[in-house]
Amino acid sequence: GSDRTGRMAAFPPDETPRSMQLYGVDPVTVGLAVRRLVEDQAVDHIDLNFGCPAAKVTRKGGGSAIPIHRRLLASIIGAAVEAASPAGIPVTVKFRLGIDDRLHTHLATGRIAEDEGAAAVAAPPAVSVGDDLATSQTGVALGSADNKTARRVNDELRFVAQVYWVNNLENN
């Protein structure tokens, strides 16, 4: 990466644990990034962000747009886990319930994360955008929160690690 990226990824020497959240659309690039962070002993944990609804991210196929592409999702998670596992660095996966209220991807995404070796998953109980996907100016509309649907992942995954559900502001 660039010098700027290196500065953004740096932690103070006494900060622990050192957790880094990554976003990427290419398995090779994500794998190389994780490998570099692990080899430099720069992190204690990697979190892959497949939950970002920002238009500047999803427009490029990243963030919350990736889970609809299951093979790509699996390849990215697998590459990160493969690069992190020799050092025992856990990889977690963040995602949303789905693209919108009609297309939920959370169960498949959770299963893929589990199958590829992720240590745990986290997701806010909301979709990426509401019905205004095509007209959203900001790309950050969250749609409706749905804790009942989100909890199904807890029942359907075989994870040994705890499955965490992060509430959004509507539920606080």
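All of these numbers come straight from a predicted model, not from anything done at the bench.

1. Structural notes on the nonpolar core
And step 1. Val34, Ile46, Leu48, Phe50, Ile77 and Val93 are the most contacted members of the largest nonpolar core, which has 30 residues in total.
And step 2. Residue assignment for this core shows that the elements contributing at least two residues are strand 1 (19-22), helix 2 (27-39), strand 2 (45-50), helix 4 (70-84), strand 3 (91-95), helix 5 (106-115) and strand 4 (120-123).
And step 3. Top contributing element to this core by residue count: helix 4, with 8 residues.
And step 4. Apart from the residues lying within four places of it in its own chain, the contact partners of Phe50 are Gly63, Ser64, Ile66, Pro67, Leu73, Ile76, Ile77, Val93, Lys94, Phe95 and Arg96.

2. Overview of the confidence of the model for the chain
And step 1. Here the chain averages 78 in pLDDT, while 71% of its residues score no lower than 70.
And step 2. Looking at the elements of the chain, mean pLDDT is at its lowest for strand 5 (residues 164-165), recorded as 46, and at its highest for helix 4, recorded as 98.
And step 3. Throughout residues 130-144 the model reports pLDDT below 50, and contacts reaching past four residues in sequence, or to other chains, amount to 30 contacts.
And step 4. Within the model, pLDDT remains below 50 along residues 160-172, and this stretch shows 32 contacts once partners closer than five positions in the same chain are excluded.

3. Side note on the pairing of strand 1
And step 1. Residues Met20 and Leu22 of strand 1 are buried on one face, while the alternating residues Ser19 and Gln21, pointing to the opposite face, are not.
And step 2. In this region the chain leaves strand 1, passes through helix 2 and returns to the parallel neighbour strand 2; the handedness of that crossover is right-handed.

4. Some remarks on the packing of helix 4 against helix 5
And step 1. The geometry of helix 4 relative to helix 5 is characterised by a closest axis approach of 9 Å and an angle of 35° between their N-to-C directions. Helix-helix and strand crossings are classified by hand; for helix 4 and helix 5 the assignment is right-handed. Taken together, the residues of helix 5 that come into contact with helix 4 (itself represented by Arg70, Leu73, Ala74 and Ile77) are Ala108, Thr109, Ile112 and Ala113.

5. Concerning helix 2
And step 1. In this model, helix 2 (13 residues) spans 18 Å end to end at C-alpha, consistent with the 18 Å of a helix rising 1.5 Å per residue.
And step 2. Those residues of helix 2 that fall on the buried side of the exposure criterion are Pro27, Val30, Gly31, Val34, Leu37 and Val38. The buried residues of helix 2 all sit within an arc of 130° when viewed along its axis, so they share a single face. In helix 2, the exposed positions that point more than 90 degrees away from the buried face belong to Val28, Thr29, Leu32 and Glu39.
And step 3. Next to the buried residues of helix 2 lie strand 1, strand 2 and helix 4.
And step 4. Where helix 2 terminates, the next one or two residues include Gln41, which has phi positive at roughly 50°.

6. Focus: helix 4
And step 1. Its 15 residues place the ends of helix 4 21 Å apart at the C-alpha level, agreeing with the 21 Å of an ideal helix rising 1.5 Å per residue.
And step 2. For helix 4, the set of buried residues is Leu73, Ala74, Ile76, Ile77, Gly78, Ala79, Ala80, Val81, Ala83 and Ala84.

7. Things to note about the environment of Ile66
And step 1. Turning to its location among the elements, Ile66 is positioned in the loop between helix 3 (55-58) and helix 4.
And step 2. Ile66 sits in the buried class, given a relative accessible area of 0%.
And step 3. On a C-alpha basis, the gap between Ile66 and Val25 in space is 7.5 Å, while along the polypeptide they are 41 residues apart.
And step 4. What Ile66 contacts, discounting residues up to four positions off in sequence, is Gly24, Val25, Phe50, Gly61, Leu73 and Ile76.

Definitions and cut-offs
Residues numbered from 1 in each chain as written. Predicted model: local features only at pLDDT ≥ 70, side-chain atom pairs only at ≥ 80, totals over all residues. Heavy atoms only, no water. Core = buried A, V, L, I, M, F, W, Y, C linked by side-chain atoms within 4.5 Å. Buried < 20%, exposed > 50% of the residue type's maximum accessible area, 1.4 Å probe, protein only. Helix = DSSP H or I, 4+ residues; strand = E, 2+ residues; numbered from the N terminus. Contact = heavy atoms within 4.5 Å. pLDDT = per-residue confidence, 0-100. Right-handed = clockwise from strand over helix to strand, strands pointing away. Axes fitted to C-alpha atoms, helices over the stretch in contact; angles between N-to-C directions. Left-handed = near helix turned anticlockwise from the far one by under 90°. Expected span 1.5 Å × (residues − 1). Arc of directions from axis to C-beta.

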